[in-house]
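One-letter residues, chain by chain:
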Amino acid sequence: MTSTLWGDDPSQDLIELRKRLDEFIITFATLNVSDLFPILAPFDLQGIESKAKEQLSWFYGVFESMINNRRNIGDDGKEKEKISKDFMQQLLELHQRGDDNSSLSLNEVKALLLDLMVAGTDTIPTTVEWTMTELLRHPDKMTKLIEELNMVVGNQNTMEECYIPQLVYLDAVIKETLRLHPVAPLLLPHVPSETTIIGGYTIPKGCRVFINAWAMQRDLELWDDPLRFQPERFLETDINHWDNNFRYLPFGSGRRMCVGISMAKKMAALLVSSLVHSFEWRLPEGTKLSLEDKFGLVLKKRESLVAIPIARLPNLEQYK
Ligand code: HEM
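Just so it is clear, the model here is predicted, and its values are computed rather than measured.

Criteria and thresholds
- Residues numbered from 1 in each chain as written.
- Predicted model: local features only at pLDDT ≥ 70, side-chain atom pairs only at ≥ 80, totals over all residues.
- Heavy atoms only, no water.
- Helix = DSSP H or I, 4+ residues; strand = E, 2+ residues; numbered from the N terminus.
- Buried < 20%, exposed > 50% of the residue type's maximum accessible area, 1.4 Å probe, protein only.
- Contact = heavy atoms within 4.5 Å.
- Lys, Arg positive; Asp, Glu negative; His and termini not counted.
- Charge placed at Lys NZ, Arg CZ, Asp CG, Glu CD.
- Donors = N, O, S within 2.8 Å, 3.2 Å for Na, K, Ca; no water.
- Near = heavy atom within 4 Å.
- Polar contact = N/O pair within 3.5 Å; in protein donor to acceptor, adjacent residues only side chain to side chain.
- Nonpolar A, V, L, I, M, F, W, Y, C, P; charged D, E, K, R; others polar.
- Core = buried A, V, L, I, M, F, W, Y, C linked by side-chain atoms within 4.5 Å.
- Salt bridge = Lys/Arg side-chain N within 4 Å of Asp/Glu carboxyl O.
- Phe/Tyr/Trp six-rings, centres within 6.5 Å; stacked < 30°, edge-to-face > 60°.

Before we go on, may I ask you to explain the overall build of the chain in this structure?
Check the secondary structure of the chain and you find 13 helices and 6 strands. Each principal axis of the C-alpha atoms in the chain carries an extent, and together these give about 60 × 55 × 40 Å. Residues classed as buried in the chain amount to 36% of the 320 residues present. In the chain, once contacts between residues fewer than 6 apart in sequence are set aside, the share between residues at least 24 apart is 68%. Of the charged side chains in the chain, 36 are positive and 46 negative; the average position of the first set lies 1 Å away from that of the second.

Looking at this model, I keep getting lost on the coordination of the iron atom of the ligand. Mind explaining?
When a metal carries six donors in an octahedron, the ideal angles between them are 90 or 180 degrees, while four donors in a tetrahedron ideally lie at 109.5 degrees. Inspection of the coordination sphere of the iron atom of the ligand shows a single protein donor, C258 (SG), at 2.3 Å. Its place among the elements puts C258 in the loop between α12 (233–236) and α13 (261–278).

Can you help me understand the site of the ligand in this one?
Of all residues adjacent to the ligand, which total 24 residues, the nearest are V183, L188, H190, R256 and C258. In the environment of the ligand, an oxygen atom lies 3.1 Å from a nitrogen or oxygen atom belonging to the backbone of L188. In this structure, H190 approaches the ligand through a side-chain N or O atom, which is 2.7 Å from an oxygen atom. Taken together, the elements giving at least two residues each to the shell around the ligand come down to α7 (106–121), α8 (123–137) and α13. With 4 residues, the single largest contributor to the shell around the ligand is α7. In the shell around the ligand, the residues fall into 15 nonpolar, 7 polar and 2 charged.

Looking at this structure, how should I read the side chain of Q89?
By the secondary structure assignment, Q89 is in helix α6 (residues 87–97). Judged by its relative accessible area of 12%, Q89 is buried. A distance of 3.1 Å separates the side chain of Q89 from the side chain of R70, its partner in a polar contact.

Even after reading the chapter, I still don't get the nonpolar core, so can you show me in this structure?
Generally speaking, a soluble globular protein has its nonpolar side chains buried in company with each other. Core analysis: the biggest nonpolar cluster contains 34 residues, and L135, L145, V272 and V276 have the highest contact counts within it. Of all the elements in the fold, those that place two or more residues in this core are α8, α9 (139–152), α10 (168–180) and α13. Here this core takes 7 residues from α10, the largest share from any one element. In this view, L135 contacts K141, M142, L145, V173, V272 and V276; residues no more than four positions away in its chain are not counted. In terms of nonpolar packing, the next biggest core, distinct from the first, is built from 22 residues, W6, F24, M88 and V118 among them.

Can you help me understand the pattern of salt bridges in this one?
Oppositely charged side chains can form a pair if their charged atoms are brought close together. If you walk through the whole model with that rule in mind, you get 20 salt bridges. For E232, the salt bridge identified is with K141, shortest N-O distance 3.3 Å. Note that E232 is positioned in the loop between α11 (213–216) and α12 and K141 in helix α9, a separation of 91 residues in sequence. The class for K141 is buried, based on a relative accessible area of 8%. As a salt-bridge pair, E280 and R282 come within 2.8 Å of each other at their nearest N and O atoms. A cluster of three or more residues bridged by salt bridges with shared partners is formed by R18, D22, D122 and K300.

What's the story with the packing of aromatic side chains in this structure? I'm lost.
Given two aromatic rings, one states the distance between the centres and the angle between the planes to describe the pair. The full count for this structure, using the stated rule, is 10 aromatic pairs. Taking the centre distance of 5.8 Å and the plane angle of 55° together, the rings of W6 and F63 count as tilted. Here W6, found in helix α1 (residues 2–6), pairs with F63, found in helix α4 (residues 48–72); they are 57 residues apart in sequence, far enough to count as distant. Summarising the burial analysis for this pair, W6 and F63 share the class buried. With 6.2 Å between their ring centres and 70° between their planes, W223 and Y248 make a pair best called edge-to-face. One end of the pair, W223, is in the loop between α11 and α12; the other, Y248, is in the loop between α12 and α13, with 25 residues separating them in the sequence. Note on W223: relative accessible area 3%, which makes it buried.

Written as structure tokens, this is what we have:
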């Protein structure tokens, strides 16, 4: 994720960055009484606001020093070429554009970098972990996926991105996992800019609205046998995250839906398919798979999945 955002900046301590990000996500997801009783907000009773400000200023300091490093890179062709494609460079170009309609302030650049780090870091590994858990719980679905991988990729090749469009069962497996285990179960809070009436309920301007996608995606009135892991349901119909019937919302909907969908779908598909194509997976003796989750900004497994990989490909060279 960080290499997509700002390439390989050797001045960054990635372990420290990851630790700080985990702490920031916890602060971000902590229930704040001021959100429920805005009159209490000035007192910051739990100290969440001051902590968040401190954490933000640490991240913004890191981004500022990276941006300054960028500015010090001269017109040396090689260096310029290396940084030209990363996200930070694209944002800085928008910052330097200087036209009022589309240029970004430096604070907006820093906020967007942090936004993408928070949104893109835990979501994909969590989706992969839930997918592998469901496949291990359902050996018949795992076998079907292995058969598809054998047919499309074959065991003489290594899984690569170019095979993804042909892996339709894999796509259905990931969609079904996101139906049962949406990583953002309540999406992100939305705030209407106008008072609206929806289904007879008045939603006042400025109030905070949470959408319970988790419950909608398990609703008996909307899905057949909703608690069953059944990827085939996505092969038989064309339910998709962009359709407008609002029963399947793993990436949200409308103008504020996830901006990372295409990266997320490709990375999750590449990771799951590489794991399943290259290895046979077994659970350690006596382990029972748990589906318990842990509520937070991202809906993670309560207990991490532990599984043992056994090489499946005939040629050990393929693992290098
Ligand atoms: C499987 C992985 C992912 C899932 C399930 C997911 C899901 C979501 C959901 C549900 C929202 C809130 C939408 C709403 O409230 O209507 C969201 C927002 C967002 N996501 Fe993702 N996401 C994933 C990966 C990513 C990645 C990899 C990135 C970045 C590269 C990303 C960037 C964002 C951003 C920036 C927003 C905020 C959009 C806005 O408020 O305008 N997401 N995502």
